[in-house]
Amino acid sequence: MLTLDGLEIIAVLVVMGLFIKVLEQFGMFEPVGGEDSVEDDFELSTVCHRPESMDKLQEQTKFTKKELQVLYRGFKNECPSGVVNEENFKTIYSQFFPQGDSSMYAHFLFEAFDTDKNGSVSFEDFVFGLSIILRGTVNDRLNWAFNLYDLNKDGCITKEEMLDIMKSIYDMMGKYTYPTMQDDAPREHVESFFQKMDRNKDGVVTIDEFIESCKKDENIMQSMQLFDNVI
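Please read these numbers as outputs of a predicted model, since none were measured by experiment.

**Some points on the packing of helix α7 (residues 123–135) against helix α8 (residues 138–149)**
So, point 1. Remark: α7 packs on α8, axes separated minimally by 8 Å, with the N-to-C direction vectors making an angle of 125°. Overall, the two elements α7 and α8 adopt an arrangement that is oblique. Here α7 and α8 pass one another in a crossing that is left-handed. Contacts between α7 and α8 pair G129, I132, I133, L134 and R135 from the former with D140, R141 and W144 from the latter.
So, point 2. Residues of the contact of α7 with α8, tallied by class, amount to four nonpolar, one polar and three charged.

**A word on the nonpolar core**
So, point 1. Counting 55 residues, the largest nonpolar core has Y93, F123, F126, Y149, M162 and F210 as the members making the most contacts within it.
So, point 2. It is helix α9 (residues 159–173) that provides the largest number of residues to this core, a total of eight residues.
So, point 3. Both domains that furnish three or more residues to this core are identified here as domain 1 (65–135) and domain 2 (138–230).

**Section: the packing of aromatic side chains**
So, point 1. For the structure on display, the rule yields nine aromatic pairs.
So, point 2. When the centroid spacing of 5.0 Å and the interplanar angle of 75° are considered together, the rings of Y72 and F123 count as edge-to-face. Here F123 lies in helix α7 and Y72 lies in helix α4 (residues 65–78), a separation of 51 residues in the sequence. The pair formed by Y72 and F123 is uniform in burial state, with each residue classed as buried.
So, point 3. Three or more aromatic residues joined by ring pairs form one cluster here, namely Y72, F75, F123 and F126.
So, point 4. Over the face of the ring belonging to F194 we find K159, whose NZ or CZ atom lies 5.7 Å from the ring centre.

**Considering the UniProt feature "domain: EF-hand" (unreviewed entry) in the protein chain**
So, point 1. The UniProt record marks residues 101–136, 137–172 and 185–220 with the feature "domain: EF-hand" (unreviewed entry), using the residue numbering of this structure.
So, point 2. Secondary structure over residues 101–136 splits into 67% helix and 8% strand, and the C-alpha atoms at its two ends are 30 Å apart.
So, point 3. For residues 185–220, the end-to-end C-alpha separation is 21 Å, with 69% helix and 8% strand making up the annotated structure.

**Points about unusual backbone geometry**
So, point 1. Despite not being glycine, K117 has its phi angle at roughly 55°, a positive value.
So, point 2. Secondary-structure assignment places K117 in the loop between α6 (103–113) and β2 (120–122).
So, point 3. Looking at K117, the relative accessible area reads 45%, which means it is partly exposed.
So, point 4. Residues other than glycine seldom take positive phi values, yet K153 does so here, at roughly 55°.
So, point 5. Relative to the assigned elements, K153 resides in the loop between α8 and β3 (156–158).

**Overview of the pattern of salt bridges**
So, point 1. According to the stated counting rule, one finds six salt bridges in the structure shown.
So, point 2. Across the pair K90 and E87 runs a salt bridge, and its minimum N-O distance is 3.9 Å. Residue K90 and its partner E87 are located together in helix α5 (residues 86–94), separated by three residues, close to a single helical turn.
So, point 3. Within the structure, one salt-bridge network assembled from shared partners comprises E86, E87 and K90.

**Quick word on the confidence of the model for the protein chain**
So, point 1. Scored by pLDDT, the protein chain has a mean of 76; 71% of the residues are at 70 or more.
So, point 2. Within the protein chain, the lowest mean pLDDT, 46, falls on helix α2 (residues 38–44), and the highest, 97, falls on strand β4 (residues 204–206).
So, point 3. Taken together, the stretch residues 37–41 has pLDDT below 50 and engages in 11 contacts with residues farther than four places along the chain or on a different chain.

**Some remarks on the environment of L148**
So, point 1. Along the chain, L148 falls in helix α8.
So, point 2. Distance from L148 to F110, taken between C-alpha atoms, is 9.4 Å for residues 38 residues apart in sequence.

**A look at α7**
So, point 1. Over its 13 residues, α7 extends 17 Å from the first C-alpha to the last, a length consistent with the 18 Å expected when each residue adds 1.5 Å.
So, point 2. With 10 of its 13 residues buried, α7 lies for the most part within the structure.
So, point 3. Within α7 the residues assigned to the buried category are F123, E124, D125, F126, V127, G129, L130, S131, I133 and L134.

Scoring rules and cut-offs
Residues numbered from 1 in each chain as written. Predicted model: local features only at pLDDT ≥ 70, side-chain atom pairs only at ≥ 80, totals over all residues. Heavy atoms only, no water. Axes fitted to C-alpha atoms, helices over the stretch in contact; angles between N-to-C directions. Helix = DSSP H or I, 4+ residues; strand = E, 2+ residues; numbered from the N terminus. Parallel < 35°, antiparallel > 145°, perpendicular 65-115°, else oblique. Left-handed = near helix turned anticlockwise from the far one by under 90°. Contact = heavy atoms within 4.5 Å. Nonpolar A, V, L, I, M, F, W, Y, C, P; charged D, E, K, R; others polar. Core = buried A, V, L, I, M, F, W, Y, C linked by side-chain atoms within 4.5 Å. Buried < 20%, exposed > 50% of the residue type's maximum accessible area, 1.4 Å probe, protein only. Domains from an automatic or database assignment. Phe/Tyr/Trp six-rings, centres within 6.5 Å; stacked < 30°, edge-to-face > 60°. Lys NZ or Arg CZ within 6 Å of the ring centre and 35° of its normal. UniProt positions renumbered as here; feature names shortened; annotations may be inferred. Salt bridge = Lys/Arg side-chain N within 4 Å of Asp/Glu carboxyl O. pLDDT = per-residue confidence, 0-100. Expected span 1.5 Å × (residues − 1).

The following block contains the structure:
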């Protein structure tokens with residue numbers, strides 16, 4: 001069950017924890033055997049979109065050759081065409097949260113990974129985002145999370161944007177929230193979030209306020225350490 005206190009932390013880190021859960025279900029973190037190269041996988045697969053070379057991906061991310069191989073095999077198994085569109089992304093996510101409606105949260109997460117806004121997430125998009133989430137500095141990870149919550153990309157988070165995010169989390173977790181949430185619970189969590197984050201009380205949270213507040217929160221910092229050695 002997800003407690004109310006858990007949701008306080010999830011307001012900042014939900015993208016990381018839940019995305020890792022999905023990746024584990026895909027088998028993306030299983031040990032890699034043999035000496036097969038990522039380039040071999042790239043060449044042997046019949047896909048509409050071919051990833052960039054292994055060397056280039058290694059240079060642009062913080063993953064090793066074998067880690068890229070594991071990630072690519074998992075990605076290819078779920079996305080044989082080499083890319084995933086939003087509807088497929090929602091379908092994938094819904095498999096792991098059948099107790100609720102994950103479509104809106106999956107939409108927000110898809111938007112965060114689709115950095116070039118072409119309506120699809122390629123393996124490169126996937127790996128770049130994952131590299132930040134798993135291997136980035138604290139600032140890198142918090143910047144990525146902030147970008148997820150800044151829905152209109154204007155450089156600040158409003159209460160309306162955070163309310164949309166919190167509603168999507170409640171909808172996704174469904175009956176696994178405990179105790180059962182009241183209709184006004186998402187708004188109460190938004191108010192709590194802004195009390196902590198909105199330092200100058202101007203009604204919006206900037207990236208500087210977000211990062212400063214997160215770094216001062218012991219629970220958030222401890223939670224972020226859980227992702228340091230995932231793969």
